[in-house]
Amino acid sequence: MDIELSVTPDKYLPHRYAGASGDFNPIHIDPQFAQEVGLPSNILHGLYSMAQVARACTTAAGGDPRSLRRLSVQFRGMGFPEHEMTVTGSKRESRNGHTLVDVVAEQGGKQIIRNAEAELDLRGLA
Amino acid sequence: MSVKTDARGKVYPPVEYEVGKEKIAEYARAVGEDNPVYFDREQARAAGFRDIPAPPMFAVVYAMGSVGPGLFDPDVGIDFAMMVHGGQEFAWGEPVCSGDTISTATTVKDIFEKDGKGFYVFESVSTNQLGQEVVRGTWTNIVRGV
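Let me begin by describing the structure that accompanies this report. All of these numbers come straight from a predicted model, not from anything done at the bench.

**So, the pairing of strand β2 (residues 83-92) of chain B**
Then, in step 1: Both strand β2 (residues 68-75) of chain A and β2(B) contribute to a ladder of five bridges, which runs antiparallel. The partner of A:Arg70 across the bridge, within β2(B), is B:Ala91.
Then, in step 2: As defined by bridge partners, β2(B) adjoins strand β5 (residues 133-143) of chain B across nine bridges and the pair is classed as antiparallel. Looking at β5(B), one finds that B:Phe90 is bridged to B:Gly137.

Have a look at this one:
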């Protein structure tokens, strides 16, 4: 199975994700604050990017949220709004009826999530 | 300088979160989930859920209230200015649905130093009102220049 998803979070996505998740750290929603602490601009929440990896996995598995049994990621680099993010992955092996996939998320050729490993249960799903 | 590790094994009291349909919808929209099971109760039930299910990563919403106090605990002593969220793992059990009450308890799983960085690893275990485990989270925060 191949995993592939592209998304371009808009300028105000970090604000909506802050409201949805409760994480209002200003480095995510205030470009001026972000620059004052040495960042190029406000950055995406890492857990938003992880949610894109999760969505890419369940979508590839047919859409059922129950298919995703485990997801482990490492956050590297920074993600930015208004830049396309691509999530790609492929099957590594099957183990005990579950499918293990390796996944990365990138923006502009730079990995923002690396070494992601997802365990999917594809049994009983259409 | 070295990392203070006394807080290893520290357990924080469980925190409860009541899951609501509109909060699931708000979260699902923010992360781009458009599967109708996240918005429509009839479709959710037709798919075999007790009620509208939460997307898997909604775990951050109900678990954060339990993990937060550990991050800010002076006994743990994380230097926030130098901290990055280094890694995250979730292992899911029973689906979480609208109407559930989720209780999450967090422990300091490990604190260690490697390559001049401090690693602070928290484990959260979330269970529903029936005592079923819904997710186990491993939260790794890395502090530079310890």
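**Notes on unusual backbone geometry**
Most peptide bonds are trans, and most residues other than glycine sit at a negative phi.
Then, in step 1: Even without a glycine there, the phi angle at A:Glu82 is positive, about 65°.
Then, in step 2: Positionally, A:Glu82 belongs in the loop between β2 and β3 (85-95).
Then, in step 3: Of note, B:Asp115 is a non-glycine position whose phi angle comes to about 50°, a positive value.
Then, in step 4: Looking at the secondary structure, you find B:Asp115 in the loop between β3 (101-114) and β4 (117-127).
Then, in step 5: Using a count of 7 C-beta atoms within 10 Å as the deciding quantity, one classes B:Asp115 as exposed.

**Thoughts on the environment of B:Gly9**
Then, in step 1: Mapped onto the secondary structure, B:Gly9 falls in the segment before β1 (15-18).
Then, in step 2: Beyond its immediate sequence surroundings of up to four residues, B:Gly9 is in contact with B:Thr107 and B:Val108.

**Things to note about the environment of B:Phe90**
Then, in step 1: Relative to the elements of secondary structure, B:Phe90 occurs in strand β2.
Then, in step 2: By C-beta crowding, B:Phe90 is classed as buried, having 24 other C-beta atoms within 10 Å.
Then, in step 3: Counting along the chain gives 53 residues from B:Phe90 to B:Val37, while the straight-line C-alpha distance between them is 21 Å.
Then, in step 4: Excluding residues that lie within four positions of it along the chain, B:Phe90 makes contacts with A:Arg70, A:Leu71, B:Pro56, B:Ala59, B:Val135 and B:Gly137.

Cut-offs and rules
- Residues numbered from 1 in each chain as written.
- Chains lettered and ligands numbered in written order.
- Predicted model: local features only at pLDDT ≥ 70, side-chain atom pairs only at ≥ 80, totals over all residues.
- Pairing = 2+ DSSP bridges.
- Helix = DSSP H or I, 4+ residues; strand = E, 2+ residues; numbered from the N terminus.
- Buried ≥ 20, exposed ≤ 12 C-beta atoms within 10 Å, placed from the backbone.
- Contact = placed C-beta atoms within 7 Å.

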